[in-house]
Amino acid sequence: MKTFLIFDFKRAFFSKKTLIASLIVLALLLIPCYSEFKFQDPRVDGINYFIRIGGFTYLPFIAPLLASIPFSSSYIIDKEKDVFSKLFTIIEPKVYFTSRLIVNALVSGFVFLITKTIFLIFLISAYGINNIHIDVTGAFSPIYNKSKIAYIIISLLITFVSAASFSTFILGISTLTKSKFLILLLPLFYVVVTAVILPSAELVEQLNVMALFQIDIYTKITGIGIIFYDLILFSIGSFLFYCFGYKKMNKLL
């Protein structure tokens, strides 16, 4: 199990898809920098710049798709290449499905955590950290007023968990379809429905998936709500992956 898990993780983490997703995350963070740095405020430090840039980037809108790029379609690809017939003579299906679930979540989470952390370190190196606070809304905002450092750590960890949870959700759905295109289209459709259509119709604002990737977005969702939302997405994805992946595969063997 450990050997295959390490192999699977290296294959996913150092893949072209992971690199592309990471570069897109970085590019979407850098794009608003020009307008922010053009009119620099000496009172604003690296953490506040990081928060302000997050409010002008399109990253939260694209984030669900980027979280799904690295490994969420891997199950479909393995089926297309008929990997299972040879692979399951070497390892048990349980090892494959457990490893795939773990690796998919970790790699998707690291795409955001590592890239955003590097960007944050750059901003702190350039502008330092001070005790000046700006107006911050959204979940966990009371923590910002007490400790900016604690707030930004929570922000990064929530992003990691949200990327892991959403990619698990998509991985689970991938067992129900043979279309890689649908797996790429579904995250964007999910964003449009939960972040655009439902709030505009004044229905369910708490389902806005963008708040999972940018916690200072003004929505009615609370910090506990974000954690619960992530748990639901991860649970649904894991359930689907187990029922329509692992159990179905066991019946065919």
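Everything below is about the structure shown above.
Residues numbered from 1 in each chain as written. Predicted model: local features only at pLDDT ≥ 70, side-chain atom pairs only at ≥ 80, totals over all residues. Heavy atoms only, no water.

Peer 1: Would you mind showing me how to read the overall build of the chain here?
Peer 2: The number of helices and strands found in the chain is 13 helices and 0 strands. In the chain, the succession of α and β elements from N to C terminus is α-α-α-α-α-α-α-α-α-α-α-α-α. A compact globule built from 253 residues would reach a C-alpha radius of gyration of about 18 Å, and the chain, at 19 Å, matches this within 12%. For the chain, the spread of C-alpha atoms along the principal axes amounts to about 65 × 40 × 30 Å. Looking at the chain as a whole, 50% of its 253 residues qualify as buried. Taking contacts inside the chain between residues at least 6 apart in sequence as the whole, the part at least 24 apart equals 76%. When the accessible area of the chain is evaluated, it comes to approximately 12,900 Å², of which 70% is carbon and sulfur surface. (Helix = DSSP H or I, 4+ residues; strand = E, 2+ residues; numbered from the N terminus. Rg over C-alpha atoms; globule rule 2.2 N^0.38 Å. Buried < 20%, exposed > 50% of the residue type's maximum accessible area, 1.4 Å probe, protein only. Contact = heavy atoms within 4.5 Å. Areas by Shrake-Rupley, 256 points an atom, 1.4 Å probe, with all protein chains shown as cover.)

Peer 1: What should I look at first to understand a nonpolar patch on the surface in this one?
Peer 2: Taken together, the side chains of Leu19, Leu23, Leu26 and Leu30 define a hydrophobic patch exposed on the protein surface, amounting to about 340 Å² of accessible area. Exposure remark for Leu30: the relative accessible area of 42% places this residue in the partly exposed category. (Patch = residues over 30% accessible without salt bridge, like charges linked within 9 Å, V, L, I, M, F, W, Y side chains within 5 Å. Salt bridge = Lys/Arg side-chain N within 4 Å of Asp/Glu carboxyl O.)

Peer 1: Looking at this model, I keep getting lost on the environment of Ile226. Mind explaining?
Peer 2: Positionally, Ile226 belongs in helix H13 (residues 223–252). On the basis of relative accessible area, Ile226 is assigned to the buried category, the value being 0%. Sequence spacing of Ile226 and Ile215 is 11 residues, and the spatial spacing of their C-alpha atoms is 8.6 Å. If sequence neighbours within four positions are ignored, Ile226 has contacts with Ala139, Phe140, Ile158, Ala211, Leu212, Ile215 and Ile221.

Peer 1: Hey, could you run me through the side chain of Asn48 in this one?
Peer 2: Along the chain, Asn48 falls in helix H4 (residues 46–54). By relative accessible area, Asn48 is classed as buried at 0%. When near neighbours in sequence (up to four residues on either side) are disregarded, Asn48 contacts Asn130, Ile132, Ile134, Tyr144 and Lys148.

Peer 1: How should I be thinking about the environment of Leu19 in this particular structure?
Peer 2: Residue position: Leu19 is located in helix H2 (residues 16–30). Accessibility expressed as a relative area gives 51% for Leu19, which makes it exposed. Leu19 sits 92 residues away from Val111 along the chain, and the two C-alpha atoms are 8.2 Å apart.

Peer 1: How do you make sense of the side chain of Thr159 when you look at a structure like this?
Peer 2: Mapped onto the fold, Thr159 is located in helix H10 (residues 148–174). With a relative accessible area of 2%, Thr159 lands in the buried category. Sequence-distant contacts of Thr159, that is, excluding residues within four places in its chain, are made with Phe112, Lys116, Leu212 and Phe213.

Peer 1: Would you explain the pattern of salt bridges in this entry?
Peer 2: Pairing between side chains of opposite charge can happen when their charged atoms approach one another. In the structure shown here, the tally under the stated rule is 5 salt bridges. Between Asp8 and Arg11 there is a salt bridge; the shortest N-O distance is 3.3 Å. Residue Asp8 and its partner Arg11 are both found in helix H1 (residues 2–13); the two are separated by 3 residues, about one turn of the helix. A residue is classified by how much of its surface remains accessible, and Arg11, at 39% relative accessible area, is partly exposed. A salt bridge links Arg100 to Asp8; the nearest nitrogen and oxygen atoms lie 3.1 Å apart. On the criterion of sequence distance, the pair formed by Arg100 in helix H8 (residues 93–127) and Asp8 in helix H1 is long-range, its members being 92 residues apart. Accessibility classification places Arg100 together with Asp8 in one group, the buried group. What emerges from the salt-bridge pattern is a single network uniting Asp8, Arg11, Asp78 and Arg100.

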